[in-house]
Amino acid sequence: MKNLIVPLDARDAFDEIVDVRTPLEYVEDHIPGAVNAPVLSNEERVIVGTLYRQVSVFEATRVGAAMVARNIARHLDTTFADRPRNWRPMIYCWRGGKRSGSMTTWFNLIGWQARQLDGGYKTYRRSVLDALQTLPTRLRCIALVGHTGTGKTRLLHALHAAGAQTLDLEGLARHRGSLLGAMPDAPQPTQKAFDSALLLALQGLDVARPVFVEAESRRIGAITLPAPLLAALHAGRCVQVQASQADRIAFLLQDYAHLFADPANFKAQLERLVGLHSREQVARWQVMVDEDAREALFAELIARHYDPAYDRSSHQHFAQIASAHAFSFEPTAQGTLPQAQSLLRELGLA
């Protein structure tokens, strides 16, 4: 089998990458672009693991081999039925063991030039973590800072449309970053999946050009940002995004309207503010949810929670915050693209 094993940096030489781990392992994270063709289902892996621990290695291997053989046969009749004679797949499992080795062996017996990834997914994961320690150090970031409701994400998207280079961390994390920032019907990725997506985004950036990034804390919901990326963000130029109180409330009414579709859940999220605010204050906000007093509630959250929290943090970690370029933005305006183009001109990047 040694001549059938290849390193990770050879993956571009193959027509397809095949992940033979369970669907649960695949969903947690996988090499970008890999197709999932599990040789053991989620349930089958549990059965084999139980036999390994409670009966014997031999019995686990015997039962597991039968399962793997049946699943490979099924994939040959379905998933890979249309692959041509000269198809070259790279195959991996958790650590380059029996699961990927079995499929690699059978594929080569058929006539395909299949190869097994040395070290499996663990090798890939280690490469991701290593790259996330080095790639961000090469970035020249421009941080979009500003109070909640000023529309920093909309400005970021408009900058992208205007041809600027951007990195949408909240989009990758599927979370807006604040207490109420969970996306409706869009759960956050796992940390591993986020890391993979982030690395892919970083690899697509031109380090010779500045990259606009929305200011974030170390955590976006349940996701943790790599320290080198935060360091690059904190060291860069800053744009202080400003908006009128009326525009901020109008923006929040648009982007957070979904919260009122589930009042019970909204009130449960507000309950987490107890400790930062008195129980009486939080109870008052919860009553406003029941009364559907949207504009008044957002006005109070801005005045009593978000702005004081922003002022306390003051983005003190941003080295160039004192010389930030002030930019007035209308986040609910029809034309955000012209505003982004105006900002690029002001920064000398148009």
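Remember, it's a predicted structure, so these values are computed and weren't measured experimentally. (Residues numbered from 1 in each chain as written. Predicted model: local features only at pLDDT ≥ 70, side-chain atom pairs only at ≥ 80, totals over all residues. Heavy atoms only, no water.)

**Q** Any chance you could explain the pattern of salt bridges here in plain terms?
**A** Counting across every chain of the model gives 16 salt bridges. A salt bridge links D82 to R83; its shortest N-O distance comes to 2.6 Å. With a closest N to O distance of 2.4 Å, R284 and E300 form a salt bridge. With R284 in helix 12 (residues 279–290) and E300 in helix 13 (residues 294–313), this pair connects stretches of sequence that are 16 residues apart. Residue classification places R284 among the partly exposed residues on the basis of a relative accessible area of 44%. Within the structure, one salt-bridge network assembled from shared partners comprises E16, D82 and R83. (Salt bridge = Lys/Arg side-chain N within 4 Å of Asp/Glu carboxyl O. Helix = DSSP H or I, 4+ residues; strand = E, 2+ residues; numbered from the N terminus. Buried < 20%, exposed > 50% of the residue type's maximum accessible area, 1.4 Å probe, protein only.)

**Q** Looking at this model, I keep getting lost on the nonpolar core. Mind explaining?
**A** For soluble globular proteins, the rule of thumb is that nonpolar side chains tend to be buried together. One finds I31, L167, L169, L198 and L202 to be the most contacted residues of the largest nonpolar core, which totals 40 residues. Of all the secondary structure elements, the ones that give two or more residues to this core are strand 4 (89–92), helix 5 (120–134), strand 6 (141–145), helix 7 (169–173), helix 8 (191–203), strand 8 (211–214) and helix 9 (227–235). Per element, the largest residue contribution to this core is five residues, and it comes from helix 5. When residues no more than four places from it in sequence are discounted, the contact partners of L202 are L132, L135, P136, L139 and L167. Formed by 20 residues, the second largest nonpolar core is a distinct cluster that contains A37, V48, C93 and M103. (Core = buried A, V, L, I, M, F, W, Y, C linked by side-chain atoms within 4.5 Å. Contact = heavy atoms within 4.5 Å.)

**Q** It is not clear to me how the packing of aromatic side chains should be interpreted in this structure. Could you clarify?
**A** In this description, an aromatic ring pair is defined by two values, namely the gap between the centres and the angle between the planes. Tallying each qualifying case throughout the model produces eleven aromatic pairs. Between F80 and W87, the ring centres sit 5.3 Å apart and the planes meet at 35 degrees, which makes this aromatic pair tilted. For F80, a relative accessible area of 1% corresponds to the buried category. Ring centres of F260 and F266 lie 5.2 Å apart, and the angle between their planes is 85 degrees; this geometry places the pair in the edge-to-face category. The buried category is assigned to F260, whose relative accessible area is 9%. Members of the aromatic cluster, joined through ring pairs, are F80, W87, F107 and W112. Taking NZ or CZ as reference, R83 lies 5.4 Å from the ring centre of W87, over its face. (Phe/Tyr/Trp six-rings, centres within 6.5 Å; stacked < 30°, edge-to-face > 60°. Lys NZ or Arg CZ within 6 Å of the ring centre and 35° of its normal.)

**Q** Just checking my understanding: could you explain the environment of R45 for this structure?
**A** In this structure, R45 sits in helix 2 (residues 42–54). R45 sits in the partly exposed class, given a relative accessible area of 37%. Between the alpha carbons of R45 and M67 there is a distance of 9.5 Å; along the sequence they are 22 residues apart. Among residues more than four places away in sequence, those in contact with R45 are T22, E25, L40 and R99.

**Q** Could you clarify how one ought to interpret unusual backbone geometry in this entry?
**A** The backbone phi angle of R174 is positive, close to 50 degrees, even though this residue is not glycine. Turning to its location among the elements, R174 is positioned in the loop between helix 7 and helix 8. When its relative accessible area of 35% is taken as the criterion, R174 is described as partly exposed.

**Q** I'm lost on the sheet that holds strand 1 (residues 5–6) in this one. Help?
**A** Note on sheets: strands pair through backbone hydrogen bonds, and any given pair is parallel or antiparallel. Reading across from one edge, 1-5-4-2-3 is the order of the five strands in this open sheet, with parallel pairing throughout. The two strands at the open ends of the sheet, each matched to only one other strand, are strand 1 and strand 3 (35–36). Here four bridges tie strand 2 (residues 16–19) to strand 4, and the two strands are oriented parallel to one another. Across the sheet, D19 pairs through a bridge with Y92, a residue of strand 4. (Pairing = 2+ DSSP bridges.)

**Q** Any chance you could explain helix 12 here in plain terms?
**A** Counting along an α-helix, one turn takes 3.6 residues, and residues three or four places apart therefore face a common direction. Its twelve residues give helix 12 an end-to-end C-alpha distance of 17 Å, which sits within 8% of 16 Å, the value for a rise of 1.5 Å per residue. Contact partners of the buried residues in helix 12: helix 11 (263–271) and helix 13. (Expected span 1.5 Å × (residues − 1).)

**Q** How should the side chain of D29 be read in this particular structure?
**A** With respect to the element layout, D29 can be found in the loop between helix 1 (23–28) and strand 3. No salt bridge is formed by the buried D29; the nearest opposite charge belongs to R125, separated by 4.8 Å. Reaching out from D29, the side chain makes a polar contact with the side chain of Y121 at a distance of 2.7 Å. Look past the residues within four positions of D29 in its chain and what remains in contact with it is R21, Y121, Y124, K192, A193 and S196. (Lys, Arg positive; Asp, Glu negative; His and termini not counted. Polar contact = N/O pair within 3.5 Å; in protein donor to acceptor, adjacent residues only side chain to side chain.)

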